[in-house]
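Chain and residue survey
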Amino acid sequence: MPAEFWVSPESTTDIQEIPMRKLVNSTYITLDGVIDNPMWTMPYFDEEAASLAGAQTEEADAMLMGRATYDGMSAAWPTRDESDPTTGAAYFNNVKKYVASTTLTNPTWNNTEVLQGDLVEAVTALKAQEGKNIIQYGFGSVTAQLIRAGLVDEVRFWIHPVLEGGPSLTAPLTDLKASFDLVDTRVHKSGVIIASYQPKVTS
């Protein structure tokens, strides 16, 4: 997103170019489009994945979420050991968190604030503040509104080689669960990524 311009209140002729903070969406997703309750990520959260996840949080000093994501994360993260740096709990429990919700009035998760008023206006104001990236996990109505408003700078889909079944971003196969092995990837100049998987053989 191009830099925004800010006019100093002391002088209408003093124009400074200040880059806006980036809003980065990071979503774990299965081959059949499931994003809920991502316990299926655990077998794939290796050293490489942990390094990227750590880089994401290192680059962000604020987190944005909708009500559903807040309910899930606020129930899980406070129970984890903040003294163990491998858990990430110290970051998630203490980073500044913003929730887009019209029903949440008294958030109990540490350092959480409910956004007031119009969502697009509130997030635009957050992006105009000084700071690092704003990270958003999950993909739903909040993300859709912000994409339409041009406020999401990057979407990172962590595509996992599993079928989970259940509600999804696409058409769910409700009763099918399966895992796959990656056998080939091809990246085209157009940006299309062709990932070929074979069903994992189970004993």
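It should be emphasised that the depicted structure is a prediction, and the values quoted were computed from it without experimental measurement.

1. As for helix α2 (residues 67–76)
Among the residues of α2, Y70, M73 and S74 are the ones counted as buried. Projection of α2 onto a plane perpendicular to its axis shows the buried side chains occupying an angular sector of 100°, all on one side. α2 presents A68 and A75 as exposed residues on the side facing more than 90 degrees away from its buried surface. Of the surrounding elements, those touching the buried residues of α2 are β4 (60–66), α3 (89–94), β5 (96–100), β6 (112–114) and β7 (133–137).

2. A word on helix α4 (residues 119–128)
An α-helix turns once every 3.6 residues. As a result, residues three or four positions apart point the same way. For α4, the full list of buried residues reads L119, A122, V123, L126 and K127. Viewed along the axis of α4, the buried residues span an arc of 135°, placing them on a single side of the element. For α4, the exposed residues lying more than 90 degrees away from the buried face are E121 and A128. Considering only its buried residues, α4 is in contact with β3 (23–30), β4, β5, β7 and α5 (141–148).

3. Let's talk about the pattern of salt bridges
Under the defined criterion, the tally for this structure stands at 8 salt bridges. Note that E113 and K96 form a salt bridge whose closest N and O atoms lie 3.1 Å from each other. Of the two residues, E113 sits in strand β6 while K96 sits in strand β5, which places them 17 residues apart along the sequence. On the basis of relative accessible area, E113 is assigned to the partly exposed category, the value being 36%.

4. Let's talk about the sheet that holds β5
Across the sheet, which stays open at both edges, the 6 strands sit in the order β6-β5-β4-β7-β3-β8 with parallel pairing between neighbours. Since the sheet does not close on itself, it has two edges, and those belong to β6 and β8 (154–160), each with one partner. On average, each strand axis in the sheet is inclined to that of its neighbour by 25°, with strand direction left out of account. Direction of pairing for β4 relative to β7: parallel, over a ladder of 4 bridges. Bridge pairing in β7 places A60 opposite N133. Across the face of the sheet, helix α1 (residues 47–58) comes into contact with β3, β4, β7 and β8 while running at roughly 160° to β8.

5. Observations regarding the confidence of the model for the protein chain
When the pLDDT values of the protein chain are averaged, the result is 86; 88% of them are 70 or greater. In the predicted structure, residues 1–13 sits below a pLDDT of 50 and forms 22 contacts with residues beyond four places in sequence or in another chain.

6. Quick notes on the packing of aromatic side chains
Aromatic ring pairs are reported here in terms of the distance separating the ring centres and the angle at which the planes meet. Summed over all chains, the structure comprises 6 aromatic pairs. Aromatic side chains Y28 and W158 sit 4.9 Å apart centroid to centroid with 55° between the ring planes, which places their arrangement in the tilted category. Residue Y28 is found in strand β3, and its partner W158 is found in strand β8; the two are separated by 130 residues along the sequence. For the pair Y28 and W158, a shared accessibility class is recorded, and that class is buried. Each ring, one from Y70 and one from W109, has its centre 6.2 Å from the other, and the planes form 50°; the classification is tilted.

7. Details of the nonpolar core
Ranked by size, the top nonpolar core spans 16 residues in total, and within it M63, M73, F92 and W109 carry the most contacts. Of all elements in the fold, only β4, α2, α3 and β7 reach the threshold of two or more residues within this core. Among the elements that line this core, the one with the most residues is β4, at 3 residues. Beyond its immediate stretch of four places on either side in the chain, F92 contacts T57, M63, M73, W77, K97, W109 and Y137. In this structure, A62, L64, A122 and L151 belong to the second largest nonpolar core, which totals 15 residues.

8. Some remarks on the sheet that holds strand β9 (residues 162–163)
Judged by pairing direction, the sheet is antiparallel, and its 3 strands sit side by side in the order β9-β10-β11 without closing on themselves. Among the strands making up the open sheet, the edge pair consists of β9 and β11 (193–199).

9. Details of the side chain of T57
Along the chain, the position of T57 falls in helix α1. A polar contact is formed between the side chain of T57 and the backbone oxygen of G54, at a distance of 2.9 Å. In this structure, T57 is in contact with Y91, F92 and Y137, ignoring residues within four places of it in sequence.

Cut-offs and rules
- The numbers attached to residues start from 1 for each chain and follow its sequence in the written order.
- Only residues with pLDDT of 70 or above have their local features reported here, since the model is predicted, and side-chain atom pairs are shown and tallied only from 80 upward, although totals for entire chains, interfaces and linings are computed over all residues.
- The side-chain figures draw on all heavy atoms in the structure; neither hydrogens nor water molecules are used.
- Categorising residues by exposure relies on relative accessible area from a 1.4 Å probe, with only protein chains included: less than 20% of the type maximum marks a residue as buried, more than 50% marks it as exposed, and the intermediate range marks it as partly exposed.
- Comment: elements are numbered from the N terminus, with helices defined as DSSP H or I runs of at least four residues and strands as E runs of at least two.
- This arc is built from the directions going out from the helix axis to the C-beta atoms.
- Residues count as neighbours in contact if any of their non-hydrogen atoms are within 4.5 Å of one another.
- By definition here, a salt bridge exists when the distance from a side-chain nitrogen of Lys or Arg to a carboxyl oxygen of Asp or Glu is within 4 Å.
- Two strands make a pair as long as DSSP finds a minimum of two bridges between them.
- Here an axis means a line fitted to C-alpha atoms, over the contact stretch when the element is a helix, while the angle between two N-to-C directions is reported on a 0 to 180 degree scale.
- The predictor rates its confidence in each residue with pLDDT, a number between 0 and 100.
- Pairs were defined over the aromatic rings of Phe, Tyr and Trp, the Trp ring being its six-membered one, requiring ring centres within 6.5 Å. Orientation was assigned from the angle between planes: stacked under 30 degrees, edge-to-face over 60, tilted for the rest.
- Side-chain atoms within 4.5 Å are what join buried Ala, Val, Leu, Ile, Met, Phe, Trp, Tyr and Cys residues into a set we call a nonpolar core.
- We call two N or O atoms a polar contact when they sit within 3.5 Å, provided that within protein one can donate a hydrogen and the other can accept it, with sequence-adjacent residues counted only if both atoms are side-chain atoms.

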